[in-house]
Amino acid sequence: MRLRRQITLGIGLALAIAGLLGLGILADQGRQAQAEAAAAQLRAQERAWHALQEMAAETLRRAAREGQTLPLLERRPAYPARWPAGAEPAREGLERVGGRLLLVALQPAPEGGGTLLAAGVDPAALLDRAAAATGAVPILTDAEGRLLAAPAQAGALAGMAERLRGIEPGTVALAAGERVVAIGTVPLTDASGQVIGARRWLADVTDRRWGQDGGALLAGAALLAAALLLAAILALWLRQAFRPLEMMLAAQAALAEGDLTVELPGQDRDEEIGRAARALAVFRDGAVALRRRLRADARHRDLRLRFIEAQLGALAETLDAGERRAMQRDLDRVLAAARGGGDGAAGMDALALAFRALAERVRSQHQSLRALIAEQDDALAAKSRMEQLERELSAVAAMQSRLLPPAMPAESGVAVAGRLLQGAQFGGDFQDAFWLDAPGGRLAVFVGSVRGSGLGAAFLAISARALIRAIAPQSGSPGEALSRVSDLLLRDNDQRMEVTGFLGVLDLRAQVLVAARAAAPPPVLLLRPGEARVLEVPGAPPLGLQPRLKVPEVTLDLPARAALVAVSRGVPEAVLRGAPLGQDGLRGLLADAPDLAPDALVARLLDRLAAPDAARAGDASVLVARPDAAKALGGP
């Protein structure tokens, strides 16, 4: 059952997503725990280092006081103030001395005088002791990360540290083949706060990392297995829960196919399935009763037809041979129609009475002939009225075909062409192009359509075109003009016919287009052969349906010698080779045009819509305007 499969699939996807989220949370927690453990280990290693450094500094001070030979033994001025007599040393640490990194301890000079005695040794011994005390390998690097000092047990680990550039504090993990090494970095600064190097702690954490990753994988596998088990249990439960519904639907399908003997399980249930099964049982019993009644009506109809046949047979015996044969033919035809129909008992009673009346009127054939002649006269009058109506419609069609934009003179700076391809019924497509001011200034182009057919749509199109011509020059923008036209159309639009339209104002001097549209297709701009784009003009509801309609508008650049193509809705709704043309198909058809001349573009588009493999439900109209910037600005 599709519903059950959809529910099962949805819940299974939810469980899978929950499992993946759980795995992600476990992974994040594992990474956080690893980071916290690495930070704690780095702090412990630094505490051990400082403890050993203090012990080494004390030994170094003692050697300096005893006058032993040291790599560094010099006097320095006290900083920041004179040392009081008998004061204890205040500083020790690593310093860069002559290109080397030394462990330096400071103490007041024995002779006093405000000077300090600085003693320094190579920190290699301190590194060895720190490695033995912490189990990690400490090394010292310069500010660029190059190795300066390392304990004897560093081995290949020291080379891995050189893969790090810079001395950013913190802990990172590097992989070398199947081994993982954790590297903790602590920057070293001198007395002025300048970074002189870094102390790095190297530790092989391969076993620990594999243990943590393995635990995370086991937890994730357990979570995924639990989700799969829950999904399987849920699928079994849904199958059991939907079983009564599937049986009821199968019975309903059998009833729909006419099987009134089907059993309806589940009528004794108290929930929704039981109520639905009992409702189907009522429907089935009603259908059985209706079938029995139809069979009884058929038997009664057969008896009435036999009575009619006997009456007309007796009537035919009173006629001459020719009329008797005609009566017999009429009788056979009527009886065949009555036996093949399903009008019921009441229909058969009316048919019997009609035949009895026919038998009584057979003797008055003259009156029947006169009635037939009168009917023929009425038919001729109706035909005459129909021919008059066709002539009127032809006049409307001719008038609609004249609602095309006038030709523009060559010196006006713009070329305009428009054509209307009429549909099977007379529709309401119309278009126009006129100057809002002097020729060569602002040109208004309009393409509209009335959703409907016949005289009403054609007359409404004529009214809308006249309103556009009258209101557009008095309006400040195309959107305002369409809003005012909509209010005027609303007054006389009793049939609530929709009027769609596109109104654009081409400013030939400023080379811009101000456009607005009401439920009409957006225009297409052809920049050059092969390059066409659909202009993004915001739309509004159809005209003539609601008061104070707000029609948005947009101002766009109008490149020189670009062709603006506006169409009615019948163009994108046309079907070419079984598929609607649409906006993309219209853009592609125009982009393939080798010539941007308006007449050529109009002919190319409408010839394609009139091809044998094209189908249209109504009118289709196209208007193309192509400005010539040089002529519009007064050029040659």
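These numbers come from a predicted model, not from an experiment.

Parameters and conventions
Residues numbered from 1 in each chain as written. Predicted model: local features only at pLDDT ≥ 70, side-chain atom pairs only at ≥ 80, totals over all residues. Heavy atoms only, no water. Helix = DSSP H or I, 4+ residues; strand = E, 2+ residues; numbered from the N terminus. Buried < 20%, exposed > 50% of the residue type's maximum accessible area, 1.4 Å probe, protein only. Contact = heavy atoms within 4.5 Å. Areas by Shrake-Rupley, 256 points an atom, 1.4 Å probe, with all protein chains shown as cover. Phe/Tyr/Trp six-rings, centres within 6.5 Å; stacked < 30°, edge-to-face > 60°. Arc of directions from axis to C-beta. Pairing = 2+ DSSP bridges. Axes fitted to C-alpha atoms, helices over the stretch in contact; angles between N-to-C directions. Salt bridge = Lys/Arg side-chain N within 4 Å of Asp/Glu carboxyl O. Patch = residues over 30% accessible without salt bridge, like charges linked within 9 Å, V, L, I, M, F, W, Y side chains within 5 Å. Lys, Arg positive; Asp, Glu negative; His and termini not counted. Charge placed at Lys NZ, Arg CZ, Asp CG, Glu CD. pLDDT = per-residue confidence, 0-100.

1. Focus on the overall build of the protein
Consideration 1: A count of helices and strands for the protein gives 13 helices and 22 strands.
Consideration 2: The burial tally for the protein puts 38% of its 636 residues in the buried class.
Consideration 3: Here the contacts in the protein between residues at least 6 apart in sequence split such that 63% fall between residues at least 24 apart.
Consideration 4: Taken as a whole, the protein presents about 34,600 Å² of accessible surface, with 57% of it coming from carbon and sulfur.

2. Things to note about the side chain of N493
Consideration 1: With respect to the secondary-structure elements, N493 resides in the loop between α10 (478-492) and β13 (499-507).
Consideration 2: Overall, the relative accessible area of 5% leaves N493 in the buried class.
Consideration 3: Those residues within four positions of N493 in sequence are excluded, and the remaining contacts are L460, G544 and L545.

3. Notes on the packing of aromatic side chains
Consideration 1: Scanning all chains against the criterion turns up two aromatic pairs.
Consideration 2: A ring pair is formed by W49 and W201, whose centres lie 6.3 Å apart and whose planes are at 85°; its orientation type is edge-to-face. With W49 in helix α1 (residues 2-65) and W201 in strand β9 (residues 195-204), this pair connects stretches of sequence that are 152 residues apart.
Consideration 3: Overall, the relative accessible area of 1% leaves W201 in the buried class.

4. Here we look at helix α2 (residues 124-134)
Consideration 1: By the burial criterion, the buried members of α2 are L126, L127, A130 and A131. Projection of α2 onto a plane perpendicular to its axis shows the buried side chains occupying an angular sector of 135°, all on one side. When the buried face of α2 is taken as reference, the exposed residues oriented beyond 90 degrees from it are A132 and A133.

5. Description of the pairing of strand β8 (residues 179-189)
The side chains of a regular strand alternate between the sheet's two faces.
Consideration 1: Counting buried positions over the eleven residues of β8 gives eight, a clear majority of the element.
Consideration 2: Note that β8 and β9 share nine bridges and pair antiparallel. Bridging from a neighbouring strand, P187 pairs with A198 of β9.

6. Section: the sheet that holds strand β19 (residues 575-576)
Consideration 1: Here three strands make up an open sheet; going across it, the order is β20-β19-β21 and the pairing antiparallel. Of all strands in the sheet, those with a lone pairing partner are β20 (579-580) and β21 (614-615), marking the two edges.

7. Things to note about the sheet that holds strand β12 (residues 442-450)
Consideration 1: Strand order in the open sheet formed by five strands is β11-β12-β13-β14-β17, and the pairing between neighbours is antiparallel. Looking along the sheet, the strands with just one partner apiece sit at the ends: β11 (430-435) and β17 (553-557). In this sheet, adjacent strand axes meet at a mean angle of 15° when their direction is disregarded.
Consideration 2: The sheet contact formed by β12 and β13 spans nine bridges and is antiparallel. Within β13, the residue paired with V447 across the bridge is F502.
Consideration 3: In the packing of helix α9 (residues 455-471) onto the sheet, contacts are made with β11, β12 and β13, and the angle to β11 comes to roughly 15°.
Consideration 4: Its contacts with the sheet put α10 on β12, β13, β14 (512-518) and β17, and the angle it makes with β14 is roughly 30°.

8. Overview of the pairing of β14
Consideration 1: Counting buried residues in β14 gives six out of seven residues, a clear majority hidden from the surface.
Consideration 2: Pairing between β13 and β14: seven bridges, direction antiparallel. Paired with V505 across the bridge in β14 is V514.
Consideration 3: Counting the residues between successive antiparallel strands, the hairpin from β13 to β14 contains four residues, one of them, Q511, with a positive phi of roughly 60°.
Consideration 4: By the bridge criterion, five bridges tie β14 to β17 in an arrangement that is antiparallel. When the bridges of β17 are listed, V514 appears paired with T555.

9. Focus on the pattern of salt bridges
Consideration 1: Summed over the entire model, instances satisfying the criterion amount to ten salt bridges.
Consideration 2: Notably, a salt bridge pairs R469 with D432, separated by 2.5 Å at the nearest N-O pair. On the criterion of sequence distance, the pair formed by R469 in helix α9 and D432 in strand β11 is long-range, its members being 37 residues apart.
Consideration 3: Given a relative accessible area of 37%, R469 falls into the partly exposed group.
Consideration 4: Take D432: its relative accessible area is 1%, and that puts it in the buried class.

10. Observations concerning a nonpolar patch on the surface
Consideration 1: Together, L20, L23 and L223 make up a nonpolar patch on the protein surface, roughly 240 Å² of accessible area in all.
Consideration 2: Inspection of the secondary structure assignment puts L223 in helix α4 (residues 206-256).
Consideration 3: By relative accessible area, L223 is classed as partly exposed at 31%.

11. Brief notes about unusual backbone geometry
Consideration 1: Positive phi outside glycine occurs at Q511, with the angle close to 60°.
Consideration 2: Along the chain, Q511 turns up in the loop between β13 and β14.
Consideration 3: A relative accessible area of 28% means that Q511 is categorised as partly exposed.

12. Observations concerning a positive patch on the surface
Consideration 1: There is a patch of like positive charges on the surface, built from R291, R292, R295 and R299.
Consideration 2: Tracing the chain through its elements places R292 in helix α5 (residues 272-316).

13. Topic: helix α11 (residues 582-591)
Consideration 1: Along α11, the positions that sit buried rather than exposed are L586, L589, L590 and A591.
Consideration 2: Each element contacted by the buried residues of α11 is listed here: β15 (524-528), β16 (531-534), β18 (563-567) and α12 (598-609).

14. A look at the confidence of the model for the protein
Detailed conclusions should not be drawn from predicted coordinates in areas where pLDDT is low.
Consideration 1: Taken as a whole, the protein shows an average pLDDT of 78; of its residues, 80% reach a score of 70 or greater.
Consideration 2: Overall, residues 85-90 carries pLDDT values under 50, and its contacts beyond four positions in sequence, including any with other chains, amount to nine contacts.
Consideration 3: The low-confidence segment residues 632-636 (pLDDT under 50) makes ten contacts with residues lying over four places distant or belonging to another chain.

15. Describing the environment of A279
Consideration 1: With respect to the helices, strands and loops of the structure, A279 is situated in helix α5.
Consideration 2: C-alpha separation for the pair A279 and Q267, spaced twelve residues apart in sequence, amounts to 9.0 Å.

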